[in-house]
Amino acid sequence: MSDRIPIALQLYSIREDCARDLSYCLQAVAQMGYEGVEFAGYYDRTAEELRGMCDDLGLKVVGTHTGLNTLLGDELQKTVAFNQTLGNPYLIVPGLPEPYRNSRQAWLETAKLFNEIAEKIADQGMFTGYHNHAVEFAPMDGELPWDTFFGNTRDDVVMQIDTGNALHGGAASVPFLERYPGRAKLVHLKEYSATNDKVLIGEGDVPWDEVFHACETIGGTEWYIVEQESYAYPPIECVERCIDNLRKMGKI
């Protein structure tokens, strides 16, 4: 079906393998059936090298996790140029230093900062965004930080919700996908279980049918991105089992 959301892998899931042999890992990921990758670090390769490796395998670069410091001051244009070479429009911040998130006021200032970054890069076809852990769903000054941030950012600031991290913080993803329609361009598929910290996608507590329905109807989701950070098997086997489970769910 033509409107199927394609599936990528966050390479952080297999970071030690990538550090040893990136070329082998990218080849393995493509053979598993992943259609794209999201980088979190570049393994001492240039943007041209990474783009070439991915192009050769038919893999799209669908996002990068990049520290906030790489989007500030003179660093911003370098980061934009690097990602334009990769063919990636999404500059996603995967977490914030404490001063940017230690009060509701700090979150409001951070939202303003992301608005400024988004405005600076919009005419270059680039977007910034934010990826959650668990802390964003612990109330702060009467409001969830996730709402403080996304309630005060431009519509083009991407909400990269991580299903497992959200549930770990006590929050279901679906209400936020509905509250901020069209903003979840990239969604991290991660499992969570209250009783087993090494579950793979499809084996835990995430209500996948509800998540998929929200992404495919209201979320504006362009890519599903598998991220596995706990390992009952070698990491490369874990990410293969994840995509196999998604295949069984009819997502491929």
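Scoring rules and cut-offs
- Residues numbered from 1 in each chain as written.
- Predicted model: local features only at pLDDT ≥ 70, side-chain atom pairs only at ≥ 80, totals over all residues.
- Heavy atoms only, no water.
- Salt bridge = Lys/Arg side-chain N within 4 Å of Asp/Glu carboxyl O.
- Helix = DSSP H or I, 4+ residues; strand = E, 2+ residues; numbered from the N terminus.
- Phe/Tyr/Trp six-rings, centres within 6.5 Å; stacked < 30°, edge-to-face > 60°.
- Buried < 20%, exposed > 50% of the residue type's maximum accessible area, 1.4 Å probe, protein only.
- Axes fitted to C-alpha atoms, helices over the stretch in contact; angles between N-to-C directions.
- Left-handed = near helix turned anticlockwise from the far one by under 90°.
- Contact = heavy atoms within 4.5 Å.
- Nonpolar A, V, L, I, M, F, W, Y, C, P; charged D, E, K, R; others polar.

**Digging into the pattern of salt bridges**
- Applying the stated criterion to the full structure yields 14 salt bridges.
- A salt bridge links Arg104 to Glu143; the nearest nitrogen and oxygen atoms lie 2.8 Å apart. Placement of the pair is Arg104 in helix α5 (residues 104–121) and Glu143 in the loop between β5 (127–131) and α6 (145–150), with a sequence separation of 39 residues.
- Three or more residues joined by partner-sharing salt bridges are found here, namely Asp162, Lys190, Glu227 and Glu229.

**Some points on the packing of aromatic side chains**
- For the coordinates displayed, the defined rule picks out 16 aromatic pairs.
- Summarising the aromatic geometry, the rings of Trp107 and Tyr130 are spaced 5.8 Å apart at their centres and angled 75° between planes, so their arrangement reads as edge-to-face. Residue Trp107 is found in helix α5, and its partner Tyr130 is found in strand β5; the two are separated by 23 residues along the sequence.
- Take Trp107: its relative accessible area is 1%, and that puts it in the buried class.
- On the basis of an interplanar angle of 40° and a centroid distance of 5.4 Å, the ring pair of Phe137 and Trp146 is categorised as tilted.
- We classify Phe137 as buried; its relative accessible area is 5%.

**A few points about the packing of helix α2 (residues 22–32) against helix α3 (residues 47–57)**
- Contact geometry of α2 with α3 gives a least axis separation of 10 Å together with a crossing angle of 30°. For the pair α2 and α3, the sense of crossing is right-handed. Contacts between α2 and α3 involve Leu22, Ser23, Leu26, Gln27 and Ala30 from the former and Leu50, Met53, Cys54 and Leu57 from the latter.
- Here the contact of α2 with α3 is built from residues that sort into 7 nonpolar, 2 polar and no charged.

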